[in-house]
Amino acid sequence: MNKRIPAALVVACSLLLLGARPASNDHFSSIVIGGSTIDVSLVDDDLKPKQDELLTWVRNASQAIEAYYGKFPLTETSVNIHSFDGSGVRAGRTFGRTDSGFIRISVGADTTAAELHKDWMMTHEMVHLTFPSVPEQHHWIEEGLAVYVEPIARMRSGNMTPEEAWGEMVRDMPQGQPQSGAEGLDHTDTWANTYWGGALFSFVADVEIRKRTHNQKGLDDALRAILNAGGNITQDWELHRVFEVGDKAVGVPVLEELYDKMKDKPVTVDLDGMWKELGVSRQNGTTTFNDRAPLAAIREAITTGKAPKR
Ligand SMILES: [Zn+2]
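Residues numbered from 1 in each chain as written. Predicted model: local features only at pLDDT ≥ 70, side-chain atom pairs only at ≥ 80, totals over all residues. Heavy atoms only, no water.

Caption draft 1: Just the nonpolar core, in detail. One finds I81 and F203 to be the most contacted residues of the largest nonpolar core, which totals 85 residues. There are two domains that each give this core at least three residues, and those are domain 1 (2-129) and domain 2 (136-304). Those residues within four positions of F203 in sequence are excluded, and the remaining contacts are Y148, W166, M173, L271, M274, W275 and L278. (Core = buried A, V, L, I, M, F, W, Y, C linked by side-chain atoms within 4.5 Å. Buried < 20%, exposed > 50% of the residue type's maximum accessible area, 1.4 Å probe, protein only. Domains from an automatic or database assignment. Contact = heavy atoms within 4.5 Å.)

Caption draft 2: Main features of the pattern of salt bridges. This structure, assessed with the given rule, holds twelve salt bridges. Between R154 and E150 there is a salt bridge, and its shortest N-O distance comes to 2.7 Å. Separated by four residues within a single helix, R154 and E150 lie in helix α5 (residues 139-156), roughly one turn from each other. Accessibility assignment for this pair places R154 and E150 in one class, buried. Here E257 and R212 are joined by a salt bridge, their closest N and O atoms 2.9 Å apart. Pair noted here: E257 is in helix α10 (residues 254-262) and R212 is in helix α7 (residues 191-212), with a separation of 45 residues, a long-range link. On the basis of relative accessibility, which here comes to 34%, the residue R212 falls in the partly exposed class. Because the salt bridges share partners, they merge into one network encompassing R156, D206, R210, D220, D221 and R224. (Salt bridge = Lys/Arg side-chain N within 4 Å of Asp/Glu carboxyl O. Helix = DSSP H or I, 4+ residues; strand = E, 2+ residues; numbered from the N terminus.)

Caption draft 3: Looking closely at the pairing of strand β8 (residues 286-289). The sheet contact formed by strand β7 (residues 280-283) and β8 spans four bridges and is antiparallel. The residue bridging S281 from the neighbouring strand is T288, located in β8. (Pairing = 2+ DSSP bridges.)

Caption draft 4: The packing of aromatic side chains, seen in detail. Scanning the entire structure with this criterion turns up nine aromatic pairs. Pairing F203 with W275 gives two aromatic rings, centres 4.9 Å apart and planes at 20 degrees, and the pair type is stacked. Taken together, the positions of F203 in helix α7 and W275 in helix α11 (residues 271-278) put the pair 72 residues apart, joining distant regions of the chain. The same class applies to F203 and to W275, which are both buried. In this structure an aromatic cluster arises from ring pairing among W140, F201, F243 and Y259. When the ring centre of F84 is taken as origin, the NZ or CZ atom of R90, which lies over that ring, is 3.6 Å away. (Phe/Tyr/Trp six-rings, centres within 6.5 Å; stacked < 30°, edge-to-face > 60°. Lys NZ or Arg CZ within 6 Å of the ring centre and 35° of its normal.)

Next up, the structure:
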C-alpha cells in the first residue's frame, strides 16, 4: 500500500491513529545504506527482544532495493514497527512526506527470524518509495510495480533463489488476467486488477523492452531513470510524464504503447506462451528452467540485472 499525503497530515495521522512518533520509551536505531539513513522505531515494548532480527529484516529489504535500483531512493526514511499478538507481517503502509519517506508496518510478537527472512512486505513497501505518486485512477501502476519488482529485487540481493522468485511469478501472475466485466487498467477498481493487473503490465513491459533492445535494456533501466529524474514518492507526477521518462531511458516506447493498449480495455496475456519462451516451468510446486528456450537470455537478464555482452 502507499499513499502520498502532506507532511502535516502524516503527523496528524500518526498522532491520531498510530500513537505519537518516537516517544521516550521507543527503541530507535538507524540503518545507513549508501548515502541514505533509515530510522527504525519499535513502537511497542513486546518487540524489544527482537530488535536485532527486525533491524536485519529492514536492512535486507533496503539491500534488495539497492540491488534493483542502484541506490536507496530517499536520503531520509522512517520505519515505525508496531506489534500484534501472533506471528507474521501485515498492514504495511508507505507515505511520502516533504523530503522523506515513512513506512508503518506491524509485526507479530511471535514472529521468527525465518519468517522475517521470507517476508515480502517490507521490500514491497520500500519499492513504493522509488516511484512518484500518480493520480488515483492509475493506482494499479504503483501497486503493480511493487508486486513485480519485490521478488526480483530480493532475488538479485540473494534473499530469494531464482526458483522461488520465478516459481511465485508463474503461480501468481494469472491473477492479473482481466476478469469478466473488466474495463482496462484505469477503469477496473478491484484488488486483482490493482495489484496483479499492474504486475502483469510490468512483466509484459519488461520482456518487451528487452526484446526490442536486444536484451540491452529492461524495465529496471526505465525505473532507475524515473527515480533519478526525481520521481520518488515525495513527488506528484502525471502518468504520461512517468512513462515518457522511462521510455526515453530505454530508447523504445514500450511503456506508453502498452499503456495505450491496456488502459481502457481488457487485454488477456498469453502467459503460458511467455513462460515457455522464457524457459520457466512449474510442476507440482517445483520450478525448473530451460536454458535452450528462445528467451532464456532475457530470463537470465531479469534474474541477474546484467545485460549480456553483444
Ligand atoms: Zn503496496
